[in-house]
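Examining the three-dimensional arrangement
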Amino acid sequence: MRRCSIDLLVLAGALALSSGPAAADSLIVNGTTRTFTLQAPAAKPAPLVIVLHGKTQSSADMITRTSWPLIARRDGFAAVYPDGLNHAWADSRPDARRAGNPPPEGTDDVAFITQLIAKLVADGIADPKRVYVTGISNGGAMAMTLACERADLFAAAASVVMNLTDESAGACRPARPVPMLLMNGTVDPLIPYQGGRGRSYFAVDGFWSTERTLEFWRRIDGCETKDAATTDLPDRNPSDQSTVTRIDSTCPQGRDVVLYRVNGGGHRMPGHFPDAHFTKLAATLLGPQNGDIDGADTIWAFFARFA
């Protein structure tokens, strides 16, 4: 597929879905109504990317504040934006490792996403061999939980601004290796790059470091423990107070593990769209947002290599 620069599409931001097929829908999971918004592709079946929002967010934030809708339309894949209950996801961490209100007791988000995939495959929208999952923050934790518990469903996964904990790592026993992309900021006040507890008032303790999380996924995928290559990417936006370094791994074919380290980056999705309603407040509470890469475009380029 022809790929054009995402920079040419920036001005279309919040209007991304206005000229493409998208619809709010729902399904019943264990007696509970679960909602999602589907951006259907022109040609079916197509690759499917499941985009999971962060805590306190909703599917609408992923649609209007990331480039996922634009990239899906550009490259012809289906994108689905599910909603977590209480604006949160029931990943494999205990409530003590969560900030704010968790989902209702008994929420089974693995069942929700599994059933959602089955519906989209049965409807002829999604190619079951090309299903991918990504998420930011709590959504990133949920993406890793899905890769751990239902590896059979996913061709690749990606997590943004999230690390593992003892509990989530201990519960991770994937049925097969899953290619994994991590994208974390080194000055994240909520999910500290070095692990432990972040400096934010809203932070909780117990997170692994990004290096340890990277090592975990390398081990799961049978990769070598050392970095294969470290590449400093062009500083295309010097005013954003951050740069990006890509760290590759030496892995068996089809099991790639890669880290995008956002040097000086905060608890933010890199990209060309403001990722919050109040940008100055977000910069104060969450740290800088990198503009050298577009997070969604980078993740999709990784996903597209695996089927």
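Notes on the structure in this doc start here. The numbering scheme is per chain: residues are counted from 1 as the chain's sequence reads. Thresholds applied to this predicted model are a pLDDT of at least 70 for local features of residues and 80 or more for the giving and counting of side-chain atom pairs; totals over whole chains, interfaces and linings are not thresholded and use all residues. Processing note: side-chain calculations cover all non-hydrogen atoms of the structure and skip hydrogens and water entirely.

This part is about the packing of helix α3 (residues 109-122) against helix α4 (residues 138-149). The axes are straight lines fitted to the C-alpha atoms, using for helices just the contacting stretch, and the angles between their N-to-C directions are given from 0 to 180°. The way it works is that DSSP assigns letters per residue, a run of H or I at least four long becomes a helix, a run of E at least two long becomes a strand, and they are numbered from the N terminus. Where α3 meets α4, the axes come as close as 10 Å, and the angle between the chain directions of the two elements is 75°. Considering the angle they form, α3 stands roughly perpendicular to α4. Residues Asp109, Val110 and Ile113 of α3 form the contact with α4, whose participating residues are Met142, Thr145, Leu146 and Glu149. Amino acid classes used here: Ala, Val, Leu, Ile, Met, Phe, Trp, Tyr, Cys and Pro are nonpolar; Asp, Glu, Lys and Arg are charged; the rest, including Gly, are polar. Split into classes, the residues belonging to the contact of α3 with α4 amount to four nonpolar, one polar and two charged. An angle below 35 degrees is read as roughly parallel, one above 145 as roughly antiparallel, one from 65 to 115 as roughly perpendicular, and any other as oblique. Whether two residues are in contact is decided by their heavy atoms: any pair within 4.5 Å suffices.

With that out of the way, let us pick up the side chain of Thr107. Turning to its location among the elements, Thr107 is positioned in the loop between β4 (78-82) and α3. By the criterion applied in these results, polar contacts are pairs of N or O atoms within 3.5 Å in which, for protein atoms, one can donate a hydrogen and the other can accept it, and in which residues neighboring in sequence qualify only through two side-chain atoms. Here the side chain of Thr107 touches Pro104 through a polar contact of 2.6 Å, landing on its backbone oxygen.

Defined by distance alone, a disulfide is two cysteine sulfur atoms within 2.5 Å. Per the stated rule, a full pass over the model turns up two disulfides. Covalently, Cys148 is tied to Cys172 through a disulfide, its sulfur atoms 2.1 Å apart. The sign of the S-S torsion, about -90°, decides the handedness of the disulfide formed by Cys148 and Cys172: left-handed. On the criterion of sequence distance, the pair formed by Cys148 in helix α4 and Cys172 in the loop between α5 (166-170) and β7 (180-185) is long-range, its members being 24 residues apart.

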